[in-house]
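Summary of the model geometry
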Amino acid sequence: MPRDNFSDLYAFIAVARARSFTRAAARLRVSQPALSYTIRELEERLGVRLLMRSTRGVSPTEAGQRLLDRLAPEFDGIEEGVQALGELRDEPMGTIRITAIDYAIRSTLWPKLAKFLPKYPDIKVELINEYASVDIVALGYDAGVRFGQELAQDMISVRIGPDIRIMVVGARSYFAGRDVPRTPRDLMAHACINLRTTTHGSLYEWEFAKGRKSLNARVDGPLAFNNAYDIFEAAKAGFGLAYLPEDLVRPLIAKGHLVSVLEDWCPTWSGFHLYYPNRRQPSRAMTLLVDALRHTS
């Protein structure tokens, strides 16, 4: 195969790892039709089918998996070599892609990035809002942000935020004519605003703990969203109870607009952690970013 076709192989690796033409096209910054055409051309030149396409996504064929296993480490090595060369520049540079939930982006990442980025004009950061447990390597992310530090063994975890208490709140108007819940089981009689997770497509179960007791509550209500801030707005408007971080709702509790319930049952979660693969030497840009995000008590 001519050397000028290496870009086709790189495109194949991106699709095979992402298991999606859409996600791979976004990472490569090309259109999905153009990427599909590139892969079809590659398969025709090689005379073998590399990818199986279905309504559920994309997966490598046996031949595709063999090619992926052989080529991916080589291309990774090339990327690391180019990255290492860039470290000889006087100023750090590069693009860092991070997946995180919207609340982590607004409450933790952005306040620190707003101070960090002006110091390093050649460093770019992409923040992708996702409520899903994803394979950051396969999807081309450099790092992810999640609660706690329980991660895969091949990941490095760095705390970037304090512990977070979760609260159940509702608008004062919502409680007019309604009993205040005393235990999580009382939530069955209330309209609750749900979070729809993208990992399994299911509704998130509210977690509670009191002393040695812990339980998950499946709540019901007229609304469900896939992000915290829409839930917050719906709760403020009186549509039901919401399960949200304390720092998001505390100002409105103090003003009397929201009412907090079940406080003795509400858990405190380990704060946000940044995680990234430990099998690669982090770039200078990544090292600087991690230091800027690191939580100091």
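If you're wondering where the values come from, they're calculated on a predicted model, not measured in any experiment.

1. Observations regarding helix H5 (residues 102-116)
Where H5 bends most, at leucine 109, the angle is about 50°, and the proline proline 111 comes one to four residues later. Within H5, burial applies to Asp102, Tyr103, Ala104, Ile105, Thr108, Leu109, Leu113 and Phe116.

2. A word on unusual backbone geometry
Not every positive phi belongs to a glycine, and arginine 29 is a case in point at roughly 60°. Along the chain, arginine 29 turns up in the loop between helix H2 (21-28) and helix H3 (32-46). For leucine 262, which is not glycine, the phi dihedral falls at a positive 55°. Summarising the element assignment, leucine 262 is placed in the loop between strand S13 (258-261) and strand S14 (268-269).

3. Some points on the nonpolar core
Within the largest apolar cluster, 61 residues are counted, with the highest numbers of intra-cluster contacts made by Leu109, Val145, Val168, Trp206, Phe208, Val249 and Leu274. Those residues in contact with valine 249 that lie beyond four places of it in its chain are Met167, Val169, Phe232, Leu244 and Leu258. One finds Ala11, Ala14, Ala18 and Leu42 within the second-largest nonpolar core, a separate group that totals 27 residues.

4. Here we look at the pattern of salt bridges
If you walk through the whole model with that rule in mind, you get 12 salt bridges. The partner of glutamate 43 in a salt bridge is arginine 53, and the shortest N-O contact between them spans 3.4 Å. Linking glutamate 43 in helix H3 with arginine 53 in strand S1 (residues 51-54), this pair joins segments that are 10 residues apart in sequence. Classification of arginine 53 by relative accessible area gives partly exposed; the value is 35%. Note that glutamate 233 is salt-bridged to lysine 236, the shortest N-O span being 3.1 Å. Within this pair, glutamate 233 and its partner lysine 236 are both found in helix H6 (residues 228-236), separated by 3 residues, close to a single helical turn.

Calculation rules
- Residues numbered from 1 in each chain as written.
- Predicted model: local features only at pLDDT ≥ 70, side-chain atom pairs only at ≥ 80, totals over all residues.
- Heavy atoms only, no water.
- Bend = angle between axes of the 7 residues up to and from the residue.
- Helix = DSSP H or I, 4+ residues; strand = E, 2+ residues; numbered from the N terminus.
- Buried < 20%, exposed > 50% of the residue type's maximum accessible area, 1.4 Å probe, protein only.
- Core = buried A, V, L, I, M, F, W, Y, C linked by side-chain atoms within 4.5 Å.
- Contact = heavy atoms within 4.5 Å.
- Salt bridge = Lys/Arg side-chain N within 4 Å of Asp/Glu carboxyl O.

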